[in-house]
Every structure is written in C-alpha cells, then in structure tokens.
Amino acid sequence: MPQSGQTQRSYKRSFNVNAMHLLLVLLYWEGVNTETTFSQMTNDSDTTLRTIVHKGQSHATVEVLEILKPQRIELLCNLTDIPSKPSNITGFWRKDGGEIENSQQTIYRHNEHYILKRIFNIQESDLGNYSCIFGKEEQFTFVLKVPAIKDKRDRPIVSYVGDSVVLECGLKREPNTWVWYKTNDTDKELINATADPTHYKIHLDKNITKLTLLNLTLEDSGKYTCSAVFDIKPTESHLDLKVLSFTEPLKPFMIIAVEVVILVTLILLYERQSQKRKGSTGTTENGLYEHTPCEQIERRS
C-alpha cells in the first residue's frame, strides 16, 4: 500500500507538470498579433527572468516596459507573415539604434514562425530601446524605462509673498521613497522638512508626494524637482514656482495710469498754447487769423 500511494503521488506530480507545460505552450502559440508575458525566478533571488513575447505582422511596433529593479529579461519576437516563406532569414538586435555585438543569428522557419529571442541583464545603464531586426527591417521595439511621473506642468505655479503653496507629483507605480530638491541651474539642494518645519512640509502617500511651502518669500521662486526612487534608478519631474509680491498684479494698471496722466497733460498743454495763439491774432476779411502789431492798434485809436 505505501508503494501504491507513492506511485499515485508521483503520477499526480508528473501530470501537473505536464499540464502546466501544455498550458504554457498553448499560451505561447495562441494566434497571430498577440502578446504573452510570463515570469520565472532564477537562482539569484534578486533578479527575475521575464520573457516578453510579441507575435505579429511584419510592420514595426513599439511596446513600453516599465523596469523597477535590475533583472534578467528575455525579449522574444515572433514574425509570422513573410509572403515568400523562406526556409531561414537573418536576425539581430539593436540598442538605441546601434547593432548589439554578436547578436546576429540565422532564424529557421518553424510552423510558419520565425522566432528571435535573447536574454539581457538589465542594469541602470542598460535601459533604452531594444529592437529585433528580421532581414534589414526593424520589426519590433521594446522600450525599457523607469515609470514616468504623470501630470507634468508646462506653465509655472504662481503664488504670492506670505501665502502657502502645495507642489504635487504622482505616478502609477509605488516607489521605494520620494525625495524633493530645490534646483538652481545645475545644482540640486536637498529639501529637509525636518530641519526646517516652519517653511517646508513633505507628505508621502505611496505613489503620491506633496511638498508644502509656508510663508513664501520672493527667494522661494525657482524650479523644484520631485524624485521617485526605484531600485534600478530614480525618475524625476520638475515644477516651476513663481512667487509674486502683492503689488505685482497692479503694475500693468499703474503703467496704464501713468500713460493716461501723461496723455492728459500733453492735451492740456496743447490747448493752452492754442488759446494763447488765438488771443494774439485777428480775423481778416477772408476769415483768416492775422497777427496785428500793437503799434498799428494805437495809431488806429
């Protein structure tokens, strides 16, 4: 009996393994123009072997993959629609437009499929665009990048002296932590809210962070950087803050008022000069003004 029970357990384990293998095969070969992704842990617990599969036509396509930590990743391209159906074609990989050394290989047709795959060890410097090339044409590009911070502003945030303002950054993935900087040209100054609690407050909420500036001064104007820290590298976004004095909004009106005063003054001066000229002239028979000397007026009288 013990041997029979052990045999049944071995059979069940073998059946489960075969069933899982069959499931992966079905997922792998299911139709054209589909994508399948699965993960497998390696011996190194700090890295993950990810297989990214693309099945599609011969037109170029782009897929963005967000990378959070260093890992081994397998990229696989499956070409399915070459009309001439050659027995084999040449394939290779490019990174950021340059051919990867020793990546060229001969790809043989298997059930109308041409498969090009390669495992890459991705560190910070390895992020970028990876393209699989069949023959001479680029077929598919994988963009490996850290998650981008959303809600980027094209215009500065405006506030006033003495007020408070909240700067906010967020993304879909949750980083290890958030860091804020005040940026001056090429230098970045770390903002430590603990050291200056009367001027700064930093709020962290998983994938969102907020920086509150209190009692604003004109010196607070400038560029602020929020940095989401991931294992592979940080991702950053920039926000511009413009602090104005309360008299700043009145400046256009003050300029208009000064221009109006100058214009009115010029008009009054012109009218005064015109009246003086009229008082020292007479009217001829034709209705024209004519200067009359004082001596002639005395003789006539």
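This report concerns the structure included in the present document. Because the structure is a prediction, the values reported are computed rather than measured. (Residues numbered from 1 in each chain as written. Predicted model: local features only at pLDDT ≥ 70, side-chain atom pairs only at ≥ 80, totals over all residues. Heavy atoms only, no water.)

Points about the overall build of the protein chain
Secondary structure summary: the protein chain contains three helices and 20 strands in total. By the burial criterion, 31% of the 301 residues in the protein chain qualify as buried. Summarising the internal contacts of the protein chain: among those between residues at least 6 apart in sequence, 58% fall at separations of at least 24. About 20400 Å² of surface is accessible on the protein chain, with carbon and sulfur atoms providing 52% of the total. (Helix = DSSP H or I, 4+ residues; strand = E, 2+ residues; numbered from the N terminus. Buried < 20%, exposed > 50% of the residue type's maximum accessible area, 1.4 Å probe, protein only. Contact = heavy atoms within 4.5 Å. Areas by Shrake-Rupley, 256 points an atom, 1.4 Å probe, with all protein chains shown as cover.)

Topic: the sheet that holds strand β13 (residues 177-184)
Pairing is mixed across the open sheet formed by five strands, whose spatial order is β11-β18-β17-β13-β14. With one partner strand each, in any of the chains shown, β11 (157-160) and β14 (187-190) form the two edges of the open sheet. Pairwise comparison of adjacent strand axes, ignoring direction, gives a mean angle of 35 degrees for this sheet. (Pairing = 2+ DSSP bridges. Axes fitted to C-alpha atoms, helices over the stretch in contact; angles between N-to-C directions.)

With respect to the environment of Thr183
Turning to its location among the elements, Thr183 is positioned in strand β13. Considered as a pair, Thr183 and His238 are 55 residues apart in the sequence and their alpha carbons are 8.9 Å apart. Those residues in contact with Thr183 that lie beyond four places of it in its chain are Lys188, Lys223 and Thr225. A polar contact of 2.9 Å, which involves the side chain of Thr183, links it to the side chain of Thr225. (Polar contact = N/O pair within 3.5 Å; in protein donor to acceptor, adjacent residues only side chain to side chain.)

Digging into the state of the cysteines
Taken as a whole and assessed by the stated rule, the structure comprises two disulfides. Cys77 shares a disulfide with Cys132; S-S distance 2.1 Å. Classification of the bridge connecting Cys77 and Cys132 rests on its S-S torsion, roughly -90 degrees, and on that basis the disulfide is left-handed. Pair noted here: Cys77 is in strand β4 (residues 71-79) and Cys132 is in strand β9 (residues 128-134), with a separation of 55 residues, a long-range link. Assessed through its relative accessible area of 1%, Cys77 is described here as buried. The disulfide partner of Cys169 is Cys226, and the S-S distance across this bridge is 1.9 Å. Note on the Cys169 and Cys226 pair: the S-S dihedral is about -85 degrees, so by sign convention the disulfide is left-handed. Of the two residues, Cys169 is situated in strand β12 (residues 165-170) and Cys226 in strand β17 (residues 222-229); the sequence distance between them amounts to 57 residues. (Disulfide = S-S within 2.5 Å.)

Overview of the side chain of Gln71
Turning to its location among the elements, Gln71 is positioned in strand β4. Separated by 3.2 Å, the side chain of Gln71 and the backbone oxygen of Lys69 make a polar contact.

Let's talk about the packing of aromatic side chains
The geometry of two aromatic rings is summed up by the distance between their centres and the angle between their planes. For the structure on display, the rule yields four aromatic pairs. Aromatic pair Trp93 and Phe120: ring centres 5.6 Å apart, planes at 80 degrees, arrangement edge-to-face. Here Trp93 is found in strand β5 (residues 88-95), whereas its partner Phe120 is found in strand β8 (residues 114-122), with 27 residues between them in sequence. Pair check on accessibility: Trp93 and Phe120 agree, each one buried. With 4.8 Å between their ring centres and 55 degrees between their planes, Phe120 and Tyr130 make a pair best called tilted. Of the two residues, Phe120 is situated in strand β8 and Tyr130 in strand β9; the sequence distance between them amounts to 10 residues. (Phe/Tyr/Trp six-rings, centres within 6.5 Å; stacked < 30°, edge-to-face > 60°.)

Remarks on unusual backbone geometry
Unusually for a residue other than glycine, Asp96 sits at a positive phi of about 55 degrees. By the secondary structure assignment, Asp96 is in the loop between β5 and β6 (98-99). Positive phi, normally seen in glycine, also occurs at Glu112, with a value near 70 degrees. Of note, Glu112 is situated in the loop between β7 (105-108) and β8.

Notes on the pattern of salt bridges
With the rule as written, the count across this model stands at four salt bridges. Linking Lys95 and Asp96 is a salt bridge whose minimum nitrogen-to-oxygen distance equals 3.0 Å. Since its relative accessible area comes to 47%, Asp96 is described here as partly exposed. (Salt bridge = Lys/Arg side-chain N within 4 Å of Asp/Glu carboxyl O.)

A look at the sheet that holds strand β16 (residues 208-213)
Pairing is antiparallel across the open sheet formed by three strands, whose spatial order is β12-β16-β15. Single-partner strands in this sheet number two, and they are β12 and β15 (200-205). Taking each pair of neighbouring strands and ignoring which way they run, the sheet shows an average axis angle of 15 degrees. Sheet topology places β15 next to β16; six bridges connect them, and they run antiparallel. Its bridge partner being in β16, Lys201 is matched across the sheet by Thr212.

Bear in mind that shape data such as this cannot, by itself, settle questions of function.
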